[in-house]
Protein chains: 2
Amino acid sequence: MNRYRVKPGEHIKLKEWDAGQAHGCDGGKAEGRQRLADLGTELAHLQELLYAEHKHKVLIVLQAMDTGGKDGTIRDVFHGVNPQGVKVASFKGPTPFELDRDYLWRVHLKVPAKGEMTIFNRSHYEDVLIARVHKLVPKEVWSRRFEHINAFEQMLADEGTVIRKFYLHIDLEEQKARIQSRLDDSKKHWKFNAADLEERKLWSDYMKAYEDVLEKTSTEWAPWYIVPANRKWYRNLVVAEVLVKTLKNLDMAFPKPAFDPSTYRVD
Amino acid sequence: MNRYRVKPGEHIKLKEWDAGQAHGCDGGKAEGRQRLADLGTELAHLQELLYAEHKHKVLIVLQAMDTGGKDGTIRDVFHGVNPQGVKVASFKGPTPFELDRDYLWRVHLKVPAKGEMTIFNRSHYEDVLIARVHKLVPKEVWSRRFEHINAFEQMLADEGTVIRKFYLHIDLEEQKARIQSRLDDSKKHWKFNAADLEERKLWSDYMKAYEDVLEKTSTEWAPWYIVPANRKWYRNLVVAEVLVKTLKNLDMAFPKPAFDPSTYRVD
């Protein structure tokens, strides 16, 4: 999955990234779903190890355009893990309380503790995406934030946090179909938001902002992956594979007992 | 009071800083107390402006050796301000919950909001002081933290926080007298902690650690002041003067009303 990892400083043109591809999975959806099921089993095991070892912290950042699949990815990739050790933090529009503080305040509050895996459904990146596109702060302010964010993530990494960031990449046509299905299917009506239609008009501004994010904040310690996300099953597969590989590389082990089990007798 | 401000990168030898001096205050204690009273009035006014304007955030960091006067400074300098807009955050030994997170987590949680003035009684600097002297983490870990801290404070400053940091400088003799008075005076017994005697043996290690802090983390956006603190009245004066000058420089004003007062009639 290294083909989707953005190298530090790599210049990104999202138009050149095929959102519909399914590289390495010639068997299509059926193969993809079987592989995802296997990865889910591995992920559940690795998450239990993470929790038991109580050493590493794991932070997963999900960003996407509206309908890009953040909610679906969380459901499909993480549904098999123990929710006791996995937290989801969703960052919607900031509250007045949050706006009185720096933009990293509410984010830092929610970072994973030792043994935890935390998924950010949107994140501090909104502060250089929507804040930029909608001019919520002047350029002078948002342009400084790339450096803050890299330093913040480096601190987290230095202090024991493993960070993986996923941009779920869909194209304009796919978004059209997904929004339309939220209008056509009564079970999806609750997901429809008329504001998405307005945001959609700003697509190219958002792409430009995402390209800057990917170029400036993909680091050795907190890399971005551009996940082809037009096909949901492939999107899930990519995220799951990256996570399983990342967790395996931690070489985790159940902690050695501080006692001799043979000296205890349970009556 | 610029003589006490540490220039970025300035090499500091604390032995060469006279903890007993009272420069610029030839009238001694009596003059000092009068000036402090006047400054207290100004500070109370400026704090109300800060609160009303709801724009800037003010962070004051106090660090010192045991008995150095952190608690006394808070009482003597801030007793006249409205506690609604002033918060004190005291950082004692981290709890298990805090230890499961990065060392800046609990600190970031307590930073001031717009219109607030927050005083840190000890701070994230303990993570490069006691953590270093007592080898709570290896050098590889604490030595990286200077850079984290500068980046963290720069982010806060960029996002509207005014930061001033005070190292209350007493010498070894003065500490001896102060600990002894905690043994001799029954009203001070509650402040005596036998552990302070052990910490005292590590004085030179702490001085070395403080010198590094002062040299590496005094920045344009978050300067350190080395406050001569053997004389409590002078210590108070220095801290109060720096704060009053800092707040005055913000050019604050009561916000213009969004209404025309003359159009309302209160029956």
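Here is what the cut-offs are and how they apply
- Residues numbered from 1 in each chain as written.
- Chains lettered and ligands numbered in written order.
- Predicted model: local features only at pLDDT ≥ 70, side-chain atom pairs only at ≥ 80, totals over all residues.
- Heavy atoms only, no water.
- 1 Å grid on protein atoms, 1.4 Å probe; cavity = no way out; pocket = protein on both sides within 12 Å on 5 of 7 lines; lining within 4 Å.
- Points joined across faces, edges and corners; volume = space filled by probe spheres on them.
- Helix = DSSP H or I, 4+ residues; strand = E, 2+ residues; numbered from the N terminus.
- Nonpolar A, V, L, I, M, F, W, Y, C, P; charged D, E, K, R; others polar.
- Least-squares fit on C-alpha atoms with pLDDT ≥ 70 in both.
- Contact = heavy atoms within 4.5 Å.
- Pairing = 2+ DSSP bridges.
- Axes fitted to C-alpha atoms, helices over the stretch in contact; angles between N-to-C directions.
- Buried < 20%, exposed > 50% of the residue type's maximum accessible area, 1.4 Å probe, protein only.

We now examine empty space enclosed by the protein. For the coordinates displayed, the defined rule picks out 1 cavity of 30 Å³ or more. Roughly 90 Å³ of internal volume is contained in the largest cavity. Leu104(A), His108(A), His148(A), Ala151(A), Phe152(A), Met155(A), Leu104(B), His108(B), His148(B), Ala151(B), Phe152(B) and Met155(B) are the residues that line the largest cavity. Secondary structure elements with two or more residues in the lining of the largest cavity: α6 (139–158) of chain A together with α6 (139–158) of chain B. Partitioned by chemical class, the residues of the lining of the largest cavity number 8 nonpolar, 4 polar and no charged.

A few words now on the relation of the copies chain B and chain A. Superposing chain B onto chain A requires a rotation of 180 degrees together with a translation of 0.0 Å along the rotation axis, leaving an RMSD of 0.0 Å. The superposition of one copy onto the other is thereby described by a two-fold rotation axis. Taken together, the interface assignments show that 96% of the residues at the interface of chain B recur at the interface of chain A, consistent with an identical surface on both copies.

So, about the sheet that holds strand β1 (residues 57–64) of chain A. Residue and element names in this part refer to chain A. Spatially, 5 strands are ordered β2-β3-β1-β4-β5 in an open sheet, and the strand pairing comes out parallel. The sheet terminates laterally at β2 (86–90) and β5 (224–228), the two strands that pair on one side only. When strand polarity is set aside, the average angle formed by the axes of neighbouring strands in this sheet is 20 degrees. With 5 bridges connecting them, strand β4 (residues 161–169) and β5 associate as parallel partners. Considered in β5, the bridge of histidine 169 is made with proline 228.

With that out of the way, let us pick up the environment of Leu237(A). Residue and element names in this part refer to chain A. As for its position among the elements, leucine 237 is in helix α10 (residues 232–248). Take leucine 237: its relative accessible area is 0%, and that puts it in the buried class. When the C-alpha atoms of leucine 237 and lysine 201 are compared, they prove to be 30 Å apart, with 36 residues separating the residues in sequence. Setting aside its immediate chain neighbours within four residues, leucine 237 contacts Cys25, Gly32, Arg35, Leu36 and Leu39.

Function-wise, these values are silent; they only describe arrangement.
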